[in-house]
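Tertiary structure, described
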Amino acid sequence: MTKISILKVENPSCLWGRVVRNLGGNTESTEQYNNLLAQMNLFYHELTQDLCKLNPTSIEEGQVCVVYWSVMKWWCRAVVESIIVDSESSQAHCLLVDHGERLVVASDQIRVAVQTFFQLPFWVRRFHLAGIKPTTLRVSVYEEKAELTPSAQWDSSATLYLHNLLQASTWTEAVLLESESDSTSIELFLSIGNIKICVNDELVAKKFAYYIRESAESSELDEVDRLPIMLSSSILTQTVSITSNKLTAETPPSPGLVAGRAGDWLTAPSPPQSQQPDLSTSEGDCRPNVTDERLSPGSQSKRSSYSSAAESDSSDDTDSSLAAALTKNVNLFNFLKFLNPCSSYQQAARSVDEHEELNDCQPKETAAASSICTGQENEHVTLDEDVLPMSHEKSGAAGLDLTRVEYLADENTSSSIGSVESGPAEAEKTLSEVGWVCSRLLEWLNPEPLNPDPDAADDAVVPSDPSMSGILVHSVLPVQPCTSLDDAPITDGLRWVLRGKQYSTPSPADCYSWPAVSRGCNTVIVSHNADQPLSYLTPLLTHILLNSIFSSLTSSTGPIAVLLCPGWEKVQVVYDLLDDSKIAHVLHPVVALPGVEKDAAKTVRIPKNCRLLVTTPFSFVRLLSCHCFMFLRLYHLVLDEADQLFTLAPDQMAAILQHFQKVTSTEEKASCPQQLIAVAKRWTSHMESLLTNHMPYPCIVMTVPEEAALYGNVQQVILMTLETSKISELLGVLDFSPDVGQKTLIIANSTQEVEDVFKAVSNKSAFCLKTHEGLTHQFDFVIQQWRKIIGSGTHVILVTTHECLKCFGIRDATCIVHYGFPTSPKLFGSRLYCMSENFRNLSERDQAKSCPHVTRSVLLISERNARHIVGVLRYLGRTNAVLPPELLTFAQGLHVAREDLKTNRPLCSYLKSFGVCRDSSACPDRHRFISRLDHSELPASGIIEVVPLFIKTASVFYGRIVRKEDGGFDGLASEMASYYADKKPRGTELLEGGLYAVQEDNVFHRVKILSVPDRGDRLFFRVFVRFIDVGKEEQVKSHQILQLPEQFHSLPGQALEIVVCRVRPVDSEIDWHPKVPANLLPLLLDTTC
């Protein structure tokens, strides 16, 4: 059995439903589809999308796409069934694969199907009841005889009976049988009360259908089956009283979906009559026909002029015939009128509206400002026109034929009516042929593709606004970004080098910074990939190689470019990249790292042909003190990881910048351009001085929104409040009568928060807008109101969620209120970037123009935001914001609690060696001394004799304590040598944490396996081990590992970690240079400490 949900009933051979739960357990949940619908509507309603990329180039039958369902205001997945083309426009007849609806949409309401939204299978499937066919009651007036006969169509009474059974049922299951091309045969089972019935058998028992027999001869009805039975009319009404009180069994819709959707009309409580969709059964064509009666007052008055006349002419005859056929059952008659109030109107007015039918299928939308503005509670969107039935539906399907009688005397009449109604169809076919001929004529006259918008081609060439993609670009000179390596402003040789290093696609920062750097402009780059030197080296080398200064000053000596790196490790990385760039024979790069010893800088010899020097700030200052005349033709200064340079060496950086400015400002070099490039991951206050004093006319590129907010000088306000008092605290912060115009964004985390805040702010008589996932169809109106020019004293407020905020592309806000707490600095920065147009612009020399408006960010912190405090607080600590003392105390308590969870981690190695961790926020090790874990067995004072065994760094090495009274290790070593002299058993089963032996030269060592890789089918592999008697850790080949007998396990490991205190590298280095322990190695191994 499979749990299913029936959405629509056209007839027993055409049921539209969804599989709710399958025995296989792989059925997607309702929540997944609701999330898909919400995400899809946010994507296609996003105002920053490029419609040229989303509009399909062509529309074909069977094409999967996304269309706009104007009735529900949704973008839905659909399949194109047919195309309607005329001389002016084209339309498509589509099936909504998640809702079971068919509608006609204009070509401009069709979008390309993004692969992300088609990972879930289509939600709605078509079913038909298996093994049965319909019957009908044939009455001969001449013979005065009535009998049941097979029929090609289902009577509407059978459909109504099935509909009532579904409404009365509390559980719906089915046995899925054969699947055909467009439908799946099922045996449908319903639970009504304590009774479980099979609908297939129930329809046969009530003589609505008969069983299909295997042989063709027995396909006709038997004599017994032909006899009609008298059924009480109550079978069509007995479920009404049940369904009126029955609670819905389906999951309620998500807040982002409109209540009363088509998927819930069978099981949800009946809405008011003005909103109740009509169920129209199509006997000949199994297609859904839902008429939405949600009319605006204007449209209702427009329709009343002709619908009332049609109803007045035919209601009397229709009502009397129905009452006679149903034995004057007044209750049933009223129920039928409720189910299909416009059946007579549809028949009478079909000839009037048939010409306008396709246009009526696309109701025009009128977004009223009162629906989302201040002081209005009405949130519905009115429709100017109603949705009419499709023109190809047969007239017999307009009403519910409840008498189940087919009069033989009316056959000729029916056929004549059918021939008359075929006239409009033929006319429509003729019109479509004329439209096809016209379109072919236009193609012949204009073989090139038509371009209805001549400006669109020009817009396609111009790159998109960088601010729309979260990239801040401030430059006095216009920047034309590159889009790929092919059009990047670099030499072909460097382009080949980048492709060889798998650097095939430039990052967003590269696209905007490379043109500026290669042109020789002063450039500041703040991006996540700032630690990759290739991001700035390639355009810099291009500029140096192609610049005329390089050729005109070759007679002079000394480098023309200096690259400053924060440490020796980065210096080596940069030099290796320069060596791989194949420019060594031209620029002759040199690394210079003189130490602090006396005359160390004097001994450095810089070749005369050196054009590029790579060093650190400390080393460069030493070189300037001894070789200042070697740097008189310095034109390019590059600051790699500039934020670290200014933090580690602020005095040295000031001296270097002073020298650079002095050299480049001489009169003889006034015509020679100077270039200063600063690359960093974070913005610091030192970089503001760098831009102001040393970088005229700079180009500033920032791809990290939270760092751009620091650069833009956004004022941060932090408010501590209780969750119950957030709205009152919010109202106290807002200025409803500002001196200058303000635009404020209030960002919430949920739809309910948006509604609550909007209601509270609206009561303050402020012009307030609101949007959330359930109001995506109002995005156009909201952004129109937001973009209007405001004057002094005007305050525009928009309350929205973060997901909806991304769809607007707002960049001109003056204040951001974080009603919903941002869960990460990245999310925090993306919100702040909505004020980017009001950020200060340090590329402008005029300070009045550099900061047009004061920008402010208000962060509301409540007790629910405890677990996200640390990350955001670390960011706020870099601003000038006043942090509440209780917030700092709380953050300190969180830090202590996190350290308490690290008791199983080793003590931080940097803390042991240097007394401080290089990055305690990211270090996973423990930073608190615990006596029971870190207690040493050595005496607290005295002299200890140690034999050095292995040097790890210049301040950490491993040794063995020499005890005169204990010769355990020497005895162990001799016994192991004797044991393995006779035999060397290989390790068969290698277990992590086990003790084994490894032979090095003529010495056998005990090792402990730290990790064993997944060997798979490999015969040979390596194992990571630790030599417990030496202290080193390395990988050894698996076949070198020997079994270690139990008698060699008793002696504990002899390697002891020894840390040399009060010693650390010079120049604020984090790690020791490899040359330092290499120089210490012969000294330690030849002595005993």
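Coordinates for the structure precede this section.
Note that residues are indexed from 1 along each chain, following the sequence as it is written. Restriction of local features to residues with pLDDT of at least 70 applies here, the model being predicted, together with a cutoff of 80 or more for giving and counting side-chain atom pairs; totals for whole chains, interfaces and linings are based on all residues. For side-chain calculations, the full set of non-hydrogen atoms in the structure is used, while hydrogens and water are omitted.

Closest axis-to-axis distance for the helix 20 (residues 617-626)/helix 22 (residues 650-664) pair is 9 Å, and the angle between their directions is 50°. For the element pair helix 20 / helix 22, the angle class is oblique. The two elements helix 20 and helix 22 meet at a crossing, and its hand is left-handed. Listed contacts from helix 22 to P617, F618, F620, V621 and L624 of helix 20 are Q652, M653, I656 and H659. Three classes are used, and their members are as follows: Ala, Val, Leu, Ile, Met, Phe, Trp, Tyr, Cys and Pro are nonpolar, Asp, Glu, Lys and Arg are charged, and the others, Gly among them, are polar. The residue inventory of the contact of helix 20 with helix 22, partitioned by class, reads seven nonpolar, two polar and no charged. Note on geometry: axes are lines fitted to C-alpha atoms, helical ones only across the stretch in contact, with angles between N-to-C directions running from 0 to 180 degrees. A helix here means a DSSP run of H or I that spans at least four residues, while a strand means a run of E at least two residues long, and both kinds are numbered starting from the N terminus. Each angle is binned into one of four classes, with values under 35 degrees roughly parallel, values over 145 roughly antiparallel, values of 65 to 115 roughly perpendicular, and all other values oblique. The sense of a crossing depends on the near helix, which, turned anticlockwise from the far helix by less than a right angle, makes the crossing left-handed and, turned clockwise, makes it right-handed. Contacts: residue pairs with any heavy atoms within 4.5 Å of one another.

Here we take up the environment of S29. Note that S29 resides in the loop between strand 2 (14-21) and helix 1 (30-44). In this structure the C-alpha to C-alpha distance between S29 and W123, which are 94 residues apart in sequence, comes to 10.0 Å.

Time to look at the nonpolar core. To qualify as a nonpolar core, a set must consist of buried Ala, Val, Leu, Ile, Met, Phe, Trp, Tyr and Cys residues joined through side-chain atoms within 4.5 Å. A simple rule labels every residue: compare its accessible area, found with a 1.4 Å probe on the protein chains alone, to the largest value its type can have, and call it buried under 20%, exposed over 50%, or partly exposed in between. Membership of the largest hydrophobic core comes to 78 residues, with the highest contact counts inside it found for L564, F620, F631, L637, L639, L745 and I810. Top contributing element to this core by residue count: helix 31 (residues 869-876), with five residues. Looking at this core, you find at least three residues from each of domain 2 (468-548 + 556-703) and domain 3 (708-883). The next biggest cluster of nonpolar side chains, apart from the first, holds 43 residues, and it includes Y512, L587, V638 and C672. In this entry, domain limits derive from an automatic or database-based domain assignment.

With that settled, the discussion passes to the pairing of strand 38 (residues 1022-1027). Here strand 38 shows one buried face, formed by V1023, V1025 and F1027, and one open face, formed by R1022, F1024 and R1026. Sheet topology places strand 37 (residues 1003-1011) next to strand 38; four bridges connect them, and they run antiparallel. Each bridged residue has a counterpart across the sheet, and for S1011 the counterpart in strand 38 is F1024. A strand pair is defined by DSSP finding two or more bridges across the two strands. Note that strand 38 and strand 39 (residues 1033-1037) share five bridges and pair antiparallel. Each bridged residue has a counterpart across the sheet, and for V1025 the counterpart in strand 39 is E1034. Hairpin connection of strand 38 to strand 39: five residues between the antiparallel strands, including G1031 at a positive phi of 105°.

Under the convention used throughout, the expected extent of a helix is 1.5 Å for every residue step, that is, one less than its residue count. Spanning 16 residues, helix 32 (residues 885-900) covers 23 Å between terminal C-alpha atoms, matching the ideal 22 Å at 1.5 Å per step. Along helix 32, the residues classified as buried are L887, A891 and E899. Projected down its long axis, helix 32 shows its buried positions confined to an angular sector of 115°, all on one face. Along helix 32, the residues that are exposed and aim more than 90 degrees away from the buried face are P885 and T889. Buried residues belonging to helix 32 abut strand 28 (715-720), strand 33 (856-861) and helix 31. What the arc covers is the set of directions going from the helix axis to the C-beta atoms.

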